[in-house]
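Chain residues, written in single-letter form:
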Amino acid sequence: MSKPRILVTRRWPVAVEKVLSERFDATFNTDDVALDAGQLREALLTYDAVLPTVSDKLPAALFEGQALRTKILGNFGVGFNHIDIAAAREKGIVVTNTPGVLTDCTADIAMLLLLSVARRGGEGEREVRAGAWTGWRPTHLVGTKVTGKTVGIIGFGRIGRAFAQRCHFGFGMDVVFYNRSAIDPMEAARYGAVQLQTVEDVLEVSDFVSLHCPGGAENRHLMNAARFAAMKPGAFLINTARGDVVDEAALISALEQGTIRGAGLDVYEAEPHVPERLRSLDNVVLLPHLGSATEETRTAMGMKVVDNITAFFAGREPPDRVV
Ligand code: DGY
């Protein structure tokens, strides 16, 4: 029997590409440049499986019309808001993701952003690189202490919990959170965290607000102008979730006007575009979507995709099926 034809839309860790080449009739996008809508549509017509990433936008329009060859989308990533899930379901296309293996690394990046923005690490780094440091002085780049402060988490899934654990047990912070469903208080206590009823309750008491909820329609612009105004004066926003959870224009205004003190961002509304007004601000730390970017995690993510599509083509249930 011939091997399933698969398209891998970006370069993946070498060890994973090797396994994919052995098990499947694999085509790799060796240019490693994001595919456009026309190329993705063509892929859905041509390959048994397409293995996309967050940089591949798959809206409903790409699934419409003539019969598609693709039977499974093995997404390289836990978030899948770049895929129109309803449209895939309607076409009978299975979608899988890669949960669990990127929890610690993404929580680490959230911690890195929190510390960088609180302690003005980005500003200091830029100053030293520019050769502009004039020496130690008591009033130089004075930030805010994190120990004893309150961090508010929006979304208490795996990554939210791992971040809570770091903040509470690692840095002596008080942790509150909002989650759509109720979490057993004993379970929350394992992470040093206390659940509050509403997003507003969290904003009212938090010195740092960190987003850990999924992107997509349900959470689009969850952080808007009204919610920035509801944050404590002098508070900071951290976003390692998805860019569309934040109304970026409202965030920029809140930062420019001093409604909030700063932001640490790993994700943006129209990646890789980052607005010039945001880039020109000193009170932000900006990373290029690095949450899961470690050798160990990216390899584990790839191997999860391998497991998912291997199970699917062997007639078994893929372990991480979302549709
Ligand atoms: C994820 O896994 O969701 C990362 O953000 C990359 O897409």
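About the cut-offs
Residues numbered from 1 in each chain as written. Predicted model: local features only at pLDDT ≥ 70, side-chain atom pairs only at ≥ 80, totals over all residues. UniProt positions renumbered as here; feature names shortened; annotations may be inferred. Helix = DSSP H or I, 4+ residues; strand = E, 2+ residues; numbered from the N terminus. Domains from an automatic or database assignment. Contact = placed C-beta atoms within 7 Å. Nonpolar A, V, L, I, M, F, W, Y, C, P; charged D, E, K, R; others polar. Pairing = 2+ DSSP bridges. Axes fitted to C-alpha atoms, helices over the stretch in contact; angles between N-to-C directions.

Trainee: Please explain the UniProt feature "domain: S-adenosyl-L-homocysteine hydrolase NAD binding" (unreviewed entry) in the chain as it appears in this structure.
Mentor: Mapped onto the present numbering, the UniProt feature "domain: S-adenosyl-L-homocysteine hydrolase NAD binding" (unreviewed entry) falls on residues 128–295. In residues 128–295, helix accounts for 29% and strand for 17%; the two terminal C-alpha atoms are 29 Å from one another.

Trainee: Honestly, the domain arrangement of the chain in this entry has me stumped. Any pointers?
Mentor: If you check the domain split of the chain, you get domain 1 (5–97 + 295–314) and domain 2 (102–286). Of note, the centres of domain 1 and domain 2, computed from C-alpha atoms alone, are 31 Å apart. Taken together, the contacts link five residues of domain 1 with six residues of domain 2. Class assignment of the residues belonging to the side of domain 1 that touches domain 2 gives a composition of two nonpolar, three polar and no charged.

Trainee: Help me understand the sheet that holds strand β11 (residues 262–265) in this model?
Mentor: Pairing between the strands of a sheet comes from backbone hydrogen bonds, and it takes one of two forms, parallel or antiparallel. Strand order in the open sheet formed by seven strands is β8-β7-β6-β9-β10-β11-β12, and the pairing between neighbours is parallel. This sheet does not close on itself; its edge strands, each paired only once, are β8 (193–195) and β12 (284–286). Between one strand axis and the next, the sheet turns by 20° as a mean value, whatever way the strands run. For strand β6 (residues 150–154) and strand β7 (residues 174–178), the ladder comprises five bridges, and the chain directions are parallel.

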